Amino acid sequence: MVVDDAPSRAVLGLAWSGAARFAEMLADEGELRGLIGPREVPRLWSRHVVNSAAVARFLPATGSLADVGSGAGLPGVVLALMRPDLDVHLIEPMERRIAWLAEVVEELDLDNVTLHQVRAEELHGRLRVSAVTARAVAALGKLARLTLPLVERGGVLLAQKGRRAQEELAEAAPVLRKLGAKSFSVHDVDLLGDGESTKVVEVRK
Ligand SMILES: C[S@@+](CC[C@H](N)C(=O)[O-])C[C@H]1O[C@@H](n2cnc3c(N)ncnc32)[C@H](O)[C@@H]1O
């Protein structure tokens with residue numbers, strides 16, 4: 001299931017081995033523990049683990065990161081492996097998902113990660129970070145309300161989105177401005193150079 005090839009090595013760099021171990025853990029237990037659907041197992045590596053690196057190029061040079069609605073650890077665990085210099089907060093309200101994330105953090109020896117078993121809104125006014133990431137958590141307007149209060153001035157929200165990213169952004173624009181967004185755009189990221197792009201919405205505060 002893990003494909004050891006030049007494109008995935010180029011994307012993940014030094015994080016490749018950790019990401020491969022994470023993919024193995026997910027393949028062994030992800031379905032049983034309700035973290036991923038059965039149809040996802042064969043495409044775990046490219047569609048989920050490697051794909052989590054799509055936002056990495058937009059992360060700040062220094063600072064802190066919160067992955068909201070981390071679930072199985074996507075994209076937060078992969079980003080924590082890629083950026084050991086960042087303080088990474090994984091925010092996930094469900095107890096059994098937090099238990100899973102704790103096992104992953106221990107197995108991968110991730111000493112830059114803090115787990116928070118809360119809803120993102122419970123951290124408003126208590127946690128401020130340079131960047132927030134989120135993948136498959138909520139439509140952009142709602143996601144912005146959950147996450148932008150966690151982003152410090154000058155920071156960024158990076159949302160991995162599906163094909164409707166541009167429409168979602170147009171719909172959410174008034175909410176984004178009200179929440180202090182200074183600029184926003186959609187990027188098409190072709191990670192593996194195979195023509196399959198991932199859409200990343202970048203919202204600067
Ligand atoms: C569909 S899953 C996606 C998980 C992961 N990001 C991924 O791409 O596979 C959405 C996750 O968001 C979490 N979630 C929902 N509402 C949330 C909130 N208000 N704050 C933080 N997490 C939330 C859910 O518990 C769930 O684990």
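Computed from a predicted model, the values in this text were never measured in an experiment. (Residues numbered from 1 in each chain as written. Predicted model: local features only at pLDDT ≥ 70, side-chain atom pairs only at ≥ 80, totals over all residues. Heavy atoms only, no water.)

Thoughts on the UniProt feature "binding site: S-adenosyl-L-methionine" (unreviewed entry) in the protein chain
Next, step 1: Feature annotation in UniProt places "binding site: S-adenosyl-L-methionine" (unreviewed entry) on Gly-69, Leu-74, Ala-120, Glu-121 and Arg-135, given in this structure's numbering. If you take the residues mentioned a moment ago, the ones lining the largest pocket come down to Arg-135.
Next, step 2: Topologically, Leu-74 is positioned in the loop between strand 1 (64–68) and helix 4 (76–82).
Next, step 3: In this structure Leu-74 touches Phe-22, His-48, Val-49, Ser-52, Asp-67 and Arg-135, once residues within four positions along its chain are discounted.
Next, step 4: Its place among the elements puts Ala-120 in the loop between strand 3 (113–116) and strand 4 (129–135).
Next, step 5: Residue Ala-120 is classed as buried on the basis of its relative accessible area, which comes to 5%.
Next, step 6: If we ignore the near neighbours within four places in the chain, the residues touching Ala-120 are Val-68, Ile-91, Leu-146 and Leu-150. (UniProt positions renumbered as here; feature names shortened; annotations may be inferred. 1 Å grid on protein atoms, 1.4 Å probe; cavity = no way out; pocket = protein on both sides within 12 Å on 5 of 7 lines; lining within 4 Å. Helix = DSSP H or I, 4+ residues; strand = E, 2+ residues; numbered from the N terminus. Contact = heavy atoms within 4.5 Å. Buried < 20%, exposed > 50% of the residue type's maximum accessible area, 1.4 Å probe, protein only.)

A word on the pairing of strand 3
Next, step 1: Bridge count for strand 2 (residues 87–91) against strand 3 is four bridges, and the pairing is parallel. Across the sheet, residue His-89 finds its bridge partner in strand 3, namely Thr-114.
Next, step 2: Regarding topology, helix 5 (residues 95–107) serves as the crossover connection from strand 2 to the parallel strand 3, and that connection is right-handed. (Pairing = 2+ DSSP bridges. Right-handed = clockwise from strand over helix to strand, strands pointing away.)

Considerations on the side chain of Lys-205
Next, step 1: Secondary-structure assignment places Lys-205 in the segment after strand 7 (198–204).
Next, step 2: Buried charge Lys-205 goes without a salt bridge, the closest partner of opposite sign being Glu-152 at 9.5 Å.
Next, step 3: Within the structure, Lys-205 has its side chain in polar contact with the backbone oxygen of Leu-148 (distance 2.7 Å). (Lys, Arg positive; Asp, Glu negative; His and termini not counted. Salt bridge = Lys/Arg side-chain N within 4 Å of Asp/Glu carboxyl O. Polar contact = N/O pair within 3.5 Å; in protein donor to acceptor, adjacent residues only side chain to side chain.)

Description of the site of the ligand
Next, step 1: With respect to spatial proximity, 15 residues lie near the ligand, and among them Gly-69, Leu-74, Glu-92, Arg-97 and Arg-135 are the closest.
Next, step 2: With respect to the ligand, the backbone of Ala-120 contributes an N or O atom lying 2.9 Å from a nitrogen atom.
Next, step 3: A distance of 2.8 Å separates an oxygen atom of the ligand from a polar side-chain atom of Arg-135.
Next, step 4: Taking 600 Å² as the accessible area of the ligand by itself, protein coverage stands at 79%.
Next, step 5: Counting atoms within 2 Å of the grid points, the majority share of the ligand lands in the second largest pocket.
Next, step 6: Of the residues belonging to the shell around the ligand, the class tally is seven nonpolar, three polar and five charged. (Near = heavy atom within 4 Å. Areas by Shrake-Rupley, 256 points an atom, 1.4 Å probe, with all protein chains shown as cover. Sits in = over half its atoms within 2 Å of the grid points. Nonpolar A, V, L, I, M, F, W, Y, C, P; charged D, E, K, R; others polar.)

A short note on the packing of helix 2 (residues 16–29) against helix 5
Next, step 1: At a minimum axis distance of 11 Å, the contact between helix 2 and helix 5 shows a crossing angle of 145 degrees. In this structure, helix 2 meets helix 5 at a crossing whose hand is right-handed. Packed against helix 2, whose contacting residues are Arg-21, Phe-22, Met-25, Leu-26 and Glu-29, the element helix 5 presents Trp-100, Glu-103, Val-104 and Glu-107 at the interface.
Next, step 2: Grouping the amino acids of the contact of helix 2 with helix 5 by side-chain chemistry returns five nonpolar, no polar and four charged. (Axes fitted to C-alpha atoms, helices over the stretch in contact; angles between N-to-C directions. Left-handed = near helix turned anticlockwise from the far one by under 90°.)

Brief notes about the pairing of strand 7
Consecutive side chains along a regular strand alternate between the two faces of the sheet.
Next, step 1: Along strand 7, five of the seven residues are buried, which leaves the element largely enclosed by surrounding structure.
Next, step 2: With six bridges joining them, strand 5 (residues 151–161) and strand 7 adopt antiparallel strand pairing. Its bridge partner being in strand 7, Leu-157 is matched across the sheet by Val-203.
Next, step 3: Inspection of the sheet shows strand 6 (residues 183–189) paired to strand 7 by seven bridges, in the antiparallel sense. Counted as the bridge partner of Asp-188 is Lys-199 from strand 7.

Considering helix 2
Next, step 1: In this model helix 2 runs 20 Å from its N-terminal to its C-terminal C-alpha over 14 residues, within 8% of the 20 Å that 1.5 Å per residue would give.
Next, step 2: The inward-facing, buried residues of helix 2 contact helix 1 (6–12), helix 3 (44–49), helix 4 and helix 5. (Expected span 1.5 Å × (residues − 1).)

Some details on the environment of Arg-96
Next, step 1: Tracing the chain through its elements places Arg-96 in helix 5.
Next, step 2: Between the C-alpha atom of Arg-96 and that of Ala-165, which follows or precedes it by 69 residues, the distance is 30 Å.
Next, step 3: Once residues lying within four places of it in the same chain are set aside, the contact partners of Arg-96 are Arg-33 and Gly-34.
Next, step 4: Here Arg-33 takes part through its backbone oxygen, which lies 2.8 Å from a polar atom of the side chain of Arg-96.

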